Amino acid sequence: MRLFISTIIILISISSTKADTIYNIIKIPNLEIYKIDNSNGLKYLRATKPFQVGIRNDNVTCFNSDIKNIEKKFQLIQKNLNIYQPNFLKKINLKYIVLCENLSVSEIDAAGVPNFKMKTLIIDINFNKKYFERIVHHEVFHIINDSFKDYFNEKEWKSYNPKNFEYAECSTCTDRINLSTIKKTNGFLTEYSMSTASEDMAEVFSFLVYDKKKVDEKLINDAILKNKTSFIKNNILKISNNFSFSK
Amino acid sequence: MIKKIKQTISEKILLTFLILLGIGFFGSYGLIKNKCLFVKKYDPQKLKFEKPENIAILNVPCGNVIIELNPNVAPNSVKRFKILIRSGEYNNVAFHRVIKNVLVQAGDLEFGKKDNLNYSYIGTGKSSLGTIDSELDKPFDFKKGSVALARTSEKNTEDSQFFILLKDAPLFEGEYSPLGKVIYGLDVLKKIKYNDKVEFVLRPDFINSFKMLK
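Since we're looking at a predicted model, the values are computed, not measured. (Residues numbered from 1 in each chain as written. Chains lettered and ligands numbered in written order. Predicted model: local features only at pLDDT ≥ 70, side-chain atom pairs only at ≥ 80, totals over all residues. Heavy atoms only, no water.)

### A closer look at the overall build of chain A
Then, number 1: When its secondary structure is counted, chain A shows nine helices and eight strands.
Then, number 2: Scored against the burial criterion, the 247 residues of chain A give a buried share of 49%.
Then, number 3: At a minimum sequence separation of 6, the contacts of chain A that also span at least 24 residues come to 64%.
Then, number 4: Taken as a whole, chain A presents about 13100 Å² of accessible surface, with 50% of it coming from carbon and sulfur. (Helix = DSSP H or I, 4+ residues; strand = E, 2+ residues; numbered from the N terminus. Buried < 20%, exposed > 50% of the residue type's maximum accessible area, 1.4 Å probe, protein only. Contact = heavy atoms within 4.5 Å. Areas by Shrake-Rupley, 256 points an atom, 1.4 Å probe, with all protein chains shown as cover.)

Now the structure itself:
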């Protein structure tokens, strides 16, 4: 019995406390509130020190950013996320946006890391300027997809693709990473769309929300893309029938 | 014959100084040991309340904490809390989770009782009443002194455990079911035993009693 109690005391003594109320909610250390009085209820947090989190070996790493750098990017992020209504955000389970820089997952650079269970989206504010705004919506889609897995059936999605086309096994185990729009789309808006089904869906969603004009142009000569956009639109409208894709 | 030696003035001063030093030392030792010495005491009988039926008196080692419950924000949660308070279930229950200047948490009725404290499971215990749903829709300002029901990482798992904030936590709005606010005696809670390194406390302080005023 003494040995048992001693073991418990030792275990308690060697585990360090991460005593703060933000960690208590989203299990990410070293954060502070950046802005929480937003019209759609999103709470923006910023890293004050680097942090490491993740289900496997703390594989998500991000660094704190200079406050001036955050101020510069915040307007862009807020403008893009403000298109989502409070009810929609509640349904998809997104509440906290963590702003940091040089985000990586298992040492591979990432624009964002969604975690719908924690209602959190981590955004790298230093991500490529050219695609930054659109990618915010891309990452939001991953939250949507995780919250409504049944709606976004990958088997059905894959059935729209050209015959013999195969996605890669995962989004990080392929060199199809270019985010520029492909001239002759043939069902895929970007090279990154060809990585996995969920990335493909996220790309279509992000264009529909951020640059619908471009999608509409491509649809004229692309039946596959037409099916894919209909699929995304219909399922998003199932979640919220007043969701607006037009900018 | 023994010759009497008279004390010089400087010897007398030295002796007086040593006596005073001794008194000071033992006196301050007593003061330091009494952690409740400078904590203001509140007697609910001497205070006036607008809605005495919503006033709960939490008595802990350093005195009374007077809580005003707000059934308008989270009616089922407050109802559950009142039931447990009136039944005396919270008496002799540990403050098992204490984060210095952040929050104190108590209410584990299964593993946190003084006569049946279980360090292996404390914080995971339940009441015999079962869990209730989270009540998160109404606005509530989670300022210092706010009282709310604790839960597991999943929603709708509230039961008997509750926490009291020692600092503002605006992000708790929409996350935890609010019960009310401490209106007197927040300093009393700052004296609850904590551990600097971990949230869970060995040999914790206990709730002496928890009663409704009416």
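From this point, the narrative continues.
### Focus on the environment of B:Gln105
Residues and elements named next belong to chain B.
Then, number 1: In this fold, glutamine 105 is placed in strand β4 (residues 103-106).
Then, number 2: Sequence separation between glutamine 105 and leucine 149 is 44 residues, and the spatial gap between their C-alpha atoms is 9.4 Å.
Then, number 3: Setting aside residues no more than four positions away along its own chain, glutamine 105 makes contact with Ala94, Phe95, His96, Arg97, Ala150, Gln161, Phe162 and Phe163.

### So, a nonpolar patch on the surface
Then, number 1: A surface patch of nonpolar side chains, about 410 Å² in accessible area, is lined by B:Leu14, B:Phe17, B:Leu18 and B:Leu21.
Then, number 2: Exposure remark for B:Leu21: the relative accessible area of 48% places this residue in the partly exposed category. (Patch = residues over 30% accessible without salt bridge, like charges linked within 9 Å, V, L, I, M, F, W, Y side chains within 5 Å. Salt bridge = Lys/Arg side-chain N within 4 Å of Asp/Glu carboxyl O.)

### Here we look at the state of the cysteines
Then, number 1: Counted by the stated rule, this structure contains two disulfides over all chains.
Then, number 2: The residue that forms a disulfide with A:Cys62 is A:Cys100, at a sulfur-sulfur distance of 2.1 Å. Between A:Cys62 and A:Cys100 the sulfur-sulfur dihedral comes to about 100°; the bridge is accordingly right-handed. Of the two residues, A:Cys62 is situated in strand β4 (residues 60-63) and A:Cys100 in strand β5 (residues 96-105); the sequence distance between them amounts to 38 residues. Taken as a pair, A:Cys62 and A:Cys100 share a single burial class, namely buried.
Then, number 3: The disulfide partner of B:Cys36 is B:Cys62, and the gap between their sulfur atoms is 1.9 Å. (Disulfide = S-S within 2.5 Å.)

### Topic: empty space enclosed by the protein
All names here are of chain A.
Then, number 1: Under the defined criterion, the tally for this structure stands at one cavity of 30 Å³ or more.
Then, number 2: Ala111, Gly112, Ile123, Phe132, Ile135, Val136 and Glu139 together form the lining of the largest cavity.
Then, number 3: Top element by residues in the lining of the largest cavity is helix α5 (residues 132-147). It accounts for four residues. (1 Å grid on protein atoms, 1.4 Å probe; cavity = no way out; pocket = protein on both sides within 12 Å on 5 of 7 lines; lining within 4 Å. Points joined across faces, edges and corners; volume = space filled by probe spheres on them.)

### Some remarks on the side chain of B:Gln161
Residues and elements named next belong to chain B.
Then, number 1: Among the structural elements, glutamine 161 can be located in the loop between β5 (146-149) and β6 (162-165).
Then, number 2: Side-chain polar atoms of glutamine 161 contact the side chain of glutamine 105, separated by 2.9 Å.
Then, number 3: Setting aside chain neighbours within four positions, we find glutamine 161 in contact with His96, Gln105, Ala106, Gly107, Asp108, Gly123, Thr124, Gly125, Leu149 and Ala150. (Polar contact = N/O pair within 3.5 Å; in protein donor to acceptor, adjacent residues only side chain to side chain.)

### Thoughts on the side chain of B:Ser209
Then, number 1: Within the fold, B:Ser209 resides in strand β8 (residues 209-212).
Then, number 2: In contact with B:Ser209, other than residues within four places in its own chain, are B:Ile57, B:Leu58, B:Asn59 and B:Asn91.

### Points about the domain arrangement of chain A
Residue and element names in this part refer to chain A.
Then, number 1: Each assigned domain of chain A is listed with its residue range as follows: domain 1 (15-127) and domain 2 (148-247).
Then, number 2: Each of domain 1 and domain 2 has a C-alpha centre, and the two are 25 Å apart.
Then, number 3: Between domain 1 and domain 2, the contact holds eight residues from the first and ten residues from the second.
Then, number 4: Between domain 1 and domain 2, the buried area comes to about 770 Å², and carbon and sulfur atoms account for 76% of it.
Then, number 5: Considering only the side of domain 1, the residues that lose the most area to domain 2 are Tyr84, Phe88 and Lys91, jointly responsible for 53% of the buried surface there.
Then, number 6: At the boundary of domain 1 and domain 2, one finds one residue pair in polar contact (both at pLDDT 80 or more).
Then, number 7: In terms of residue count, the dominant contributor to the side of domain 1 that touches domain 2 is helix α4 (residues 86-92) (three residues). (Domains from an automatic or database assignment. Buried area = accessible area lost by both parts, 1.4 Å probe.)

### Points about the nonpolar core
Then, number 1: Ranked by size, the top nonpolar core spans 53 residues in total, and within it A:Ile92, A:Ile144, A:Phe152, A:Phe205 and A:Ile232 carry the most contacts.
Then, number 2: Taken together, the elements giving at least two residues each to this core come down to α3 (67-81), α4, β5, β8 (120-124), α5, α7 (197-210), α8 (212-219) and α9 (223-239) of chain A.
Then, number 3: With eight residues, α7(A) is the single largest residue contributor to this core.
Then, number 4: Counting only domains with at least three residues in this core, you end up with domain 1 (15-127) and domain 2 (148-247) of chain A.
Then, number 5: Excluding anything up to four places from it in sequence, A:Phe152 contacts A:Phe141, A:Ile144, A:Asn145, A:Met201, A:Phe231, A:Ile232, A:Asn235, A:Ile236 and A:Ile239.
Then, number 6: Formed by 36 residues, the second largest nonpolar core is a distinct cluster that contains B:Val93, B:Val98, B:Val147 and B:Phe162. (Core = buried A, V, L, I, M, F, W, Y, C linked by side-chain atoms within 4.5 Å.)

### A look at the sheet that holds strand β2 (residues 63-69) of chain B
Residue and element names in this part refer to chain B.
Then, number 1: Overall, antiparallel pairing links the eight strands, which are arranged β3-β4-β6-β5-β7-β2-β1-β8 in an open sheet. At either margin of the open sheet sits one strand with a lone partner, and together these are β3 (97-99) and β8. Sheet twist, expressed as the average angle between the axes of neighbouring strands with direction ignored, equals 20°.
Then, number 2: Across three bridges, the pairing between β5 and β6 is antiparallel. Each bridged residue has a counterpart across the sheet, and for valine 147 the counterpart in β6 is isoleucine 164. (Pairing = 2+ DSSP bridges. Axes fitted to C-alpha atoms, helices over the stretch in contact; angles between N-to-C directions.)

### Points about the confidence of the model for chain B
Then, number 1: Summing up the model confidence of chain B, the mean pLDDT is 92 and the portion of residues at 70 or higher is 96%.
Then, number 2: Overall fold confidence for the complex sits at a pTM of 0.82, while the interface term, ipTM, reaches 0.75. (pLDDT = per-residue confidence, 0-100.)

### So, the pairing of β4(B)
Residue and element names in this part refer to chain B.
Then, number 1: Of the two faces of β4, the one carrying Leu103 and Gln105 and the one carrying Val104 and Ala106 are both buried.
Then, number 2: Two successive antiparallel strands, β3 and β4, enclose a turn made up of three residues, where asparagine 101 displays a positive phi of approximately 60°.
Then, number 3: Taken together, the four bridges between β4 and β6 define a ladder with antiparallel strand orientation. Paired with valine 104 across the bridge in β6 is isoleucine 164.

### What to know about the pairing of β4(A)
Then, number 1: Direction of pairing for strand β3 (residues 51-53) of chain A relative to β4(A): antiparallel, over a ladder of three bridges. Residue A:Phe51 lies in a different strand from β4(A), and its bridge partner there is A:Cys62.

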